[in-house]
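Per-entry structural report
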Amino acid sequence: HVQLVESGGGSVQAGGSLRLSCAASRSTYSSNCMGWFRQVPGQEREGVARLKLQPAGGNQYLAKSADSVKDRFTISRDGPTNTVYLLMHMLKPEDTAMYYCAAVSSLCTLVPEDYQYWGQGTQVTVS
């Protein structure tokens, strides 16, 4: 079982910044992949960014952002607190959505269907 809790959402003006946090519970069988996704009602869930822990151990990881948010959003991780962040800059109205944190132990992609565990989401509204 993996528990994910998102926070940091809110309302911001276009051009502003916001940092989302995803607190992940520790588990004997911890996931090696964490991702951020977003969804607007009536639309498909979209992959925003993902983070893959390296098999070598430690806190090393590989990060990737979707083309739609490239150069604006950055995913990162704080090992000691087991928290994954999504730092968002230059926010646009089109970024408005419910943002979800997700985890999986196998594949590490930007495809929602590949993820097993999901948080409840945090709303981001850009005006």
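Residues numbered from 1 in each chain as written. Predicted model: local features only at pLDDT ≥ 70, side-chain atom pairs only at ≥ 80, totals over all residues. Heavy atoms only, no water.

The 4 strands are arranged β1-β3-β8-β7 in an open sheet whose pairing can be described as antiparallel. If you trace the sheet from one side to the other, it starts and ends with β1 (4–7) and β7 (73–78), each paired once. Across the sheet, the mean angle separating the axes of adjacent strands is 20 degrees when strand polarity is ignored. The pairing of β1 with strand β3 (residues 18–24) spans 4 bridges and is antiparallel. The residue bridging L4 from the neighbouring strand is A24, located in β3. (Pairing = 2+ DSSP bridges. Helix = DSSP H or I, 4+ residues; strand = E, 2+ residues; numbered from the N terminus. Axes fitted to C-alpha atoms, helices over the stretch in contact; angles between N-to-C directions.)

A separate point is the pattern of salt bridges. On inspection of all chains with the given rule, the structure shows 3 salt bridges. Note that E46 and R38 form a salt bridge whose closest N and O atoms lie 2.8 Å from each other. A relative accessible area of 30% means that E46 is categorised as partly exposed. For R38, a relative accessible area of 7% puts it in the buried group. A salt bridge links R38 to D95; the shortest N-O distance between them is 2.8 Å. With R38 in strand β4 (residues 33–39) and D95 in the loop between β8 (83–88) and β9 (97–104), the pair connects residues that are 57 residues apart, well separated along the chain. D95 carries the same exposure label as R38, and that label is buried. Connected through salt bridges with shared partners, the residues R38, E46, R72 and D95 form a single ionic network. (Salt bridge = Lys/Arg side-chain N within 4 Å of Asp/Glu carboxyl O. Buried < 20%, exposed > 50% of the residue type's maximum accessible area, 1.4 Å probe, protein only.)

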